[in-house]
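# Descriptive analysis of the structure
Here is what each chain is made of, one letter per residue.
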Amino acid sequence: MKILMINKFLHPNGGSETYIFKLGDCLKSQGHEVQYFGMEHEGRCVGNRVNAYTSDMDFHGGSKLSKLTYPIKTIYSAEARKKLRLVLEDFQPDVCHLNNFNYQLTPSILLEIAKWKKEGHPCRVVFTAHDYQLVCPNHMCSNPGTGENCEKCLGGHFLNCTKGKCIHGSTAKSAIGTLEAMLWNGCGVYKNIDVMICCSEFLKTKMDTNPLFAGKTLALHNFVDRIPYEKAEKKDYVLYFGRFSREKGIETLIRVCRELPEIPFIFAGTGPLEGALAGGPNIQNVGFQSGQALENLIRQARFSVYPSQWYENCPFSVMESQLYGTPVLGADIGGIPELIEAGKTGELFESGNADQLKQKIQALWENRELTARYSENCAHVRFDDVDTYTGKLLKLYRGEGL
């Protein structure tokens, strides 16, 4: 089978890129042909046979002239259609697998795929929704000004994005995002997608607020690397690992840490709120960790805390913690509760509720037998690895159900 992976970034940039690279490697190892289409970039590490890519769009740099043309290019890209056509004609894919494409590639690429199909080229179009982009112009369902979760745009009410200055706090940028969403949803371009993969049941419910999507969506949690369970000697600390930012609930967690001076907390990561960790005698910030060092931190923690306050979908930290044998106290929000078997591999608390978070942390800390039992239960946790996930994906590529 020939699969064309479409993603705006073709260099390591985030979760979407990790997804397409690992998925592509797995598909190729099984004998399938995989090529990629997206933007050119000095760090590009995958590509296509005809070397056709769109020009790199740097919204934070570039010339004054290029910045003036960006508003138009983020809505419709003739260049993306032209370059994609070159790849389609050369590669003749059986499947076009779309990932993040809005703003840099634009939904106009769907028009080109539809045109190519009408010319007699059967091709399945699969889309993996990594965020809320198609139903919320700022892709997070969160107002950056207030920090509150927001669903005002769901159902196609995109003018709320402009009213709330939801894209970078800018009226102009928010207006462009609103126009993009209204145009492409209004003309029905997304009808050209055959299947929409949502990485959580929660995301699926939000995508289904668009009647056009409701019959196309299915939930399939992201894959994680296979991690062998090893019973580790637990040490006396509670762990948070991830980004130090407001939407992750860091401010709430730090406040609780200061109210529990008898409990040692280790924070591993980096982010804009790193300075807020200073001054707490029971708070140790070990900075960004990876590889064996991070694995040891996770395995040896009594339990980890994931206090997010925005609509998380399928956070790897929650899955990895349990696979390493460490139970999770997670916020009951978004897709997080789908990943934790409350009362078996961890517990849940009301997102943003500092009092409840404090009570839960204190109760778990004081009950070593309970956390040890949760840890043992983690040995039975199963999430899809890339091979299992790919097997399910191939069924969707062939037009079969899961």
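In short, a report on the structure. Just so you know, the residues in each chain are numbered from 1, in the order the chain's sequence is written. Confidence filtering applies because this is a predicted model: local features only for residues at pLDDT of at least 70, side-chain atom pairs given and counted only at 80 or more, and all residues used for totals across whole chains, interfaces and linings. Hydrogen atoms and water are omitted, and side-chain values are computed over all heavy atoms in the structure.

### Thoughts on the nonpolar core
Rules: By nonpolar core is meant a set of buried Ala, Val, Leu, Ile, Met, Phe, Trp, Tyr and Cys residues that side-chain atoms within 4.5 Å join together. When accessible area is computed with a 1.4 Å probe and restricted to protein chains, residues below 20% of their type maximum are described as buried, those above 50% as exposed, and intermediate ones as partly exposed. Two residues qualify as a contact provided that any one of their heavy atoms is within 4.5 Å of a heavy atom in the partner residue.
In this structure, I6, L98, Y190, M207, F267 and I361 are the most contacted members of the largest nonpolar core, which totals 95 residues. When near neighbours in sequence (up to four residues on either side) are disregarded, I6 contacts F37, L84, C96, H97, L98, N99, L105, I109 and I113. M5, Y36, V46 and L220 belong to the second largest nonpolar core, which has 24 residues in total.

### Brief notes about the pairing of strand β12 (residues 346–349)
To keep it simple, the criterion reads: Counting from the N terminus, the helices are the DSSP runs of H or I reaching at least four residues and the strands are the DSSP runs of E reaching at least two. At least two DSSP bridges between two strands are needed for those strands to be called paired.
Neither face of β12 is left uncovered, since the one carrying G346 and L348 and the one carrying E347 and F349 both have all their residues buried. Strand direction decides the pairing type here: strand β11 (residues 328–331) and β12, joined by 4 bridges, are parallel. For A331, the partnering residue across the bridge sits in β12 and is F349.

### Topic: the sheet that holds strand β6 (residues 217–219)
Inclusion rule: With axes taken as lines fitted to C-alpha atoms, and helix axes fitted only over the stretch in contact, angles between N-to-C directions fall between 0 and 180 degrees.
Read from one edge of the open sheet, 6 strands run β2-β1-β3-β4-β5-β6, paired in parallel fashion. Among the strands making up the open sheet, the edge pair consists of β2 (33–37) and β6. Going from strand to strand, the sheet's axes swing by 25° on average, the running direction of each strand aside. Direction of pairing for strand β4 (residues 124–129) relative to strand β5 (residues 195–198): parallel, over a ladder of 4 bridges. Each residue of the ladder has a partner; that of F127, found in β5, is M196. Most of the contacts of helix α1 (residues 15–29) go to β2, to which it runs at about 155°, and overall it touches β1 (2–6), β2, β3 (95–98) and β4.

### Section: the side chain of E312
Structurally, E312 is set in the loop between β10 (303–306) and α11 (316–323). On the basis of relative accessible area, E312 is assigned to the buried category, the value being 5%. Ignoring sequence-local partners within four residues, the contact set of E312 consists of Y132, K248, Y306, I333, G334, G335 and I336.

### Thoughts on the side chain of K8
How we decide: Two residue types count as positive, namely Lys and Arg, and two as negative, namely Asp and Glu; His and chain ends fall outside the count. The term salt bridge refers to a side-chain nitrogen of Lys or Arg lying within 4 Å of a carboxyl oxygen of Asp or Glu. What qualifies as a polar contact is a pair of N or O atoms within 3.5 Å, subject to a donor-acceptor requirement within protein and to the restriction that residues adjacent in sequence count only when both atoms come from side chains.
Along the chain, K8 turns up in the loop between β1 and α1. Here K8 is buried and forms no salt bridge, its nearest opposite-charge partner D131 lying at an N-O distance of 6.7 Å. Of the polar contacts made by the side chain of K8, one reaches the backbone oxygen of N102; its length is 3.3 Å. Excluding residues within four positions of it along the chain, K8 makes contact with G38, M39, N100, N102, Q104 and L105.

### Regarding the packing of helix α12 (residues 354–366) against helix α13 (residues 368–377)
Convention followed: Comment on the angle field: the value is read as roughly parallel under 35 degrees, roughly antiparallel over 145, roughly perpendicular from 65 to 115, and oblique elsewhere. When residues are grouped by polarity, Ala, Val, Leu, Ile, Met, Phe, Trp, Tyr, Cys and Pro land in nonpolar, Asp, Glu, Lys and Arg in charged, and all others, Gly among them, in polar.
Look at α12 against α13: their axes get within 5 Å of each other, and the N-to-C directions meet at 90°. As judged from the angle between their axes, α12 and α13 are roughly perpendicular. For the pair α12 and α13, the contacting residues are L364, W365 and E366 in the first and R368, L370, T371 and Y374 in the second. Its residues assigned to classes, the contact of α12 with α13 shows 4 nonpolar, 1 polar and 2 charged.

### Quick notes on α12
Which entries qualify depends on this criterion: For a helix, the expected span equals 1.5 Å multiplied by the residue count minus one. Read the arc as the range of directions from the helix axis to the C-beta atoms.
Taking 1.5 Å of rise per residue, the 13 residues of α12 would be expected to cover 18 Å, and the 18 Å separating its terminal C-alpha atoms lies within 8% of that figure. Within α12, the full set of buried residues consists of A354, L357, I361, L364 and W365. The arc enclosing the buried residues of α12, seen along the axis, measures out at 100°, which places them on a common side. Of the exposed residues in α12, those oriented more than 90 degrees away from the buried face are D355, Q359 and E366. Capping the start of α12, N353 holds a side-chain oxygen 3.2 Å from the backbone nitrogen of D355, two or three residues further along.

### Observations concerning the sheet that holds strand β7 (residues 238–243)
Read across the sheet, 6 strands follow the order β9-β8-β7-β10-β11-β12 without closing on themselves; strand pairing throughout is parallel. This sheet does not close on itself; its edge strands, each paired only once, are β9 (283–285) and β12. Strand-to-strand twist across the sheet, computed as the mean angle between neighbouring axes with direction ignored, equals 25°. Pairing of strand β8 (residues 265–270) with β9 involves 3 bridges; the strand directions are parallel. For I266, the partnering residue across the bridge sits in β9 and is Q284. Contacts from helix α10 (residues 291–300) reach β7 and β8 within the one sheet, and its direction differs from that of β7 by about 140°.

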